[in-house]
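Coordinates in review
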Amino acid sequence: MHMSETLLNDPAPPPLTVLGVNVVPFASYDHAVDCVAESIRQGRKSFWVAINPQKVYRARHDPAVMEVLRQADVGICDGIGVSLGSMLLNRRGIQRVTGCDLFFALLAAAQRRSWRVFLLGASPEANAQAAQRLGERFPQLKIAGRRDGYFGNDEEVIEQINRVRPELLFVAMGSPRQEHWIARHRDRIDARFFLGVGGSLDVASGLSRRAPTLFRR
Ligand code: UDP
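Let me sum up the structure you'll find in this document. (Residues numbered from 1 in each chain as written. Predicted model: local features only at pLDDT ≥ 70, side-chain atom pairs only at ≥ 80, totals over all residues. Heavy atoms only, no water.)

**Description of the state of the cysteines**
Counting across every chain of the model gives 0 disulfides. As a non-bridged cysteine, C77 has C100 as the owner of its nearest cysteine sulfur, 15 Å distant. (Disulfide = S-S within 2.5 Å.)

So, in structure tokens, the structure goes:
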């Protein structure tokens, strides 16, 4: 970490730990979005990861996954499983801030604050359709670039991102592939905020539906 960074206040509150994985107890989506805004204002680079029980399980069985989660700056509580886990282990529940809903909340903020976004991942059709639908839903949103998640050449993709220098980079290539990709390349990518969003571009494209509310709860 650079000296100048250590002197700045960390915008995110301290994390709780659920089976060795850090999860930040944000009070609300607005709170999480405000922390992203503050982190961007401070000129930091930050990598956030959505923590759900599958990821905690994988991390406990695969040291490479645990290492990637440790490299993330912020873990968010991606659903009730982690919230309950924290309730049992820490005697303190954590408000849900799911990756998919935070993605949409950040797009709304990006539209208000003129942040440029880059959408990386999903099939070529889903990626294109997601960009189109999101453009309709958020007419002032600046989608500075996009690219499907089935590419062979990382360098080419990194160059494409660095040409537009987005504030927000969303990577929808499934877990833990997307987190490994971000961790491996973030030092060389000229973006401020990185988040793996799994199937969220499929959801945004309308080509795949979210799980029914009952399941998500
Ligand atoms: N995907 C991709 N590149 C790959 C493999 C997967 O872009 O090499 C995309 C896939 O098209 C889908 C998303 O990653 O849009 C994975 O979604 P899934 O719901 O499986 O991820 P999860 O949310 O379970 O991590």
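Having put the structure on the table, let's press on.
**Structural notes on the pattern of salt bridges**
Inspection of the entire model under this criterion finds 9 salt bridges. For R116, the salt bridge goes to E167, with nearest N and O atoms at 3.1 Å. Placement of R116 in strand β5 (residues 116-121) and of E167 in the loop between α8 (154-164) and β7 (168-172) is noted, with a sequence separation of 51 residues between them. You can call R116 partly exposed: its relative accessible area is 28%. (Salt bridge = Lys/Arg side-chain N within 4 Å of Asp/Glu carboxyl O. Helix = DSSP H or I, 4+ residues; strand = E, 2+ residues; numbered from the N terminus. Buried < 20%, exposed > 50% of the residue type's maximum accessible area, 1.4 Å probe, protein only.)

**Considerations on the pairing of strand β6 (residues 142-147)**
Pairing analysis gives 5 bridges linking β5 to β6, with the strands arranged parallel. Bridging from a neighbouring strand, V117 pairs with I143 of β6. A crossover connection joins β5 to the parallel β6 through helix α7 (residues 124-137); in handedness this β-α-β unit is right-handed. (Pairing = 2+ DSSP bridges. Right-handed = clockwise from strand over helix to strand, strands pointing away.)

**Observations concerning the site of the ligand**
Close to the ligand lie 13 residues; A122, G149, Y150, R177 and D202 are nearest. In this structure, G149 approaches the ligand through a main-chain N or O atom, which is 2.7 Å from a nitrogen atom. The separation between an oxygen atom of the ligand and a polar main-chain atom of A172 is 3.2 Å. In the complex, 64% of the free accessible area of the ligand, which totals 550 Å², lies under the protein chains. For the shell around the ligand, a count of residues per class yields 4 nonpolar, 7 polar and 2 charged. (Near = heavy atom within 4 Å. Polar contact = N/O pair within 3.5 Å; in protein donor to acceptor, adjacent residues only side chain to side chain. Areas by Shrake-Rupley, 256 points an atom, 1.4 Å probe, with all protein chains shown as cover. Nonpolar A, V, L, I, M, F, W, Y, C, P; charged D, E, K, R; others polar.)

**Focus: the environment of K142**
Positionally, K142 belongs in strand β6. Along the chain, K142 and P166 lie 24 residues apart, while their C-alpha atoms are 9.3 Å from each other. Residue contacts for K142: discarding those within four places in its chain leaves S114, W115, R116 and V117. (Contact = heavy atoms within 4.5 Å.)

**Considerations on the nonpolar core**
Soluble globular proteins tend to pack their nonpolar side chains together in the buried interior. Grouped together as the largest cluster of nonpolar side chains are 40 residues, with contacts concentrated most on F26, W48, F103, L168 and F170. Top contributing element to this core by residue count: helix α6 (residues 99-113), with 8 residues. In contact with F103, other than residues within four places in its own chain, are L119, L134, F170, V197, S200, L201 and A204. (Core = buried A, V, L, I, M, F, W, Y, C linked by side-chain atoms within 4.5 Å.)

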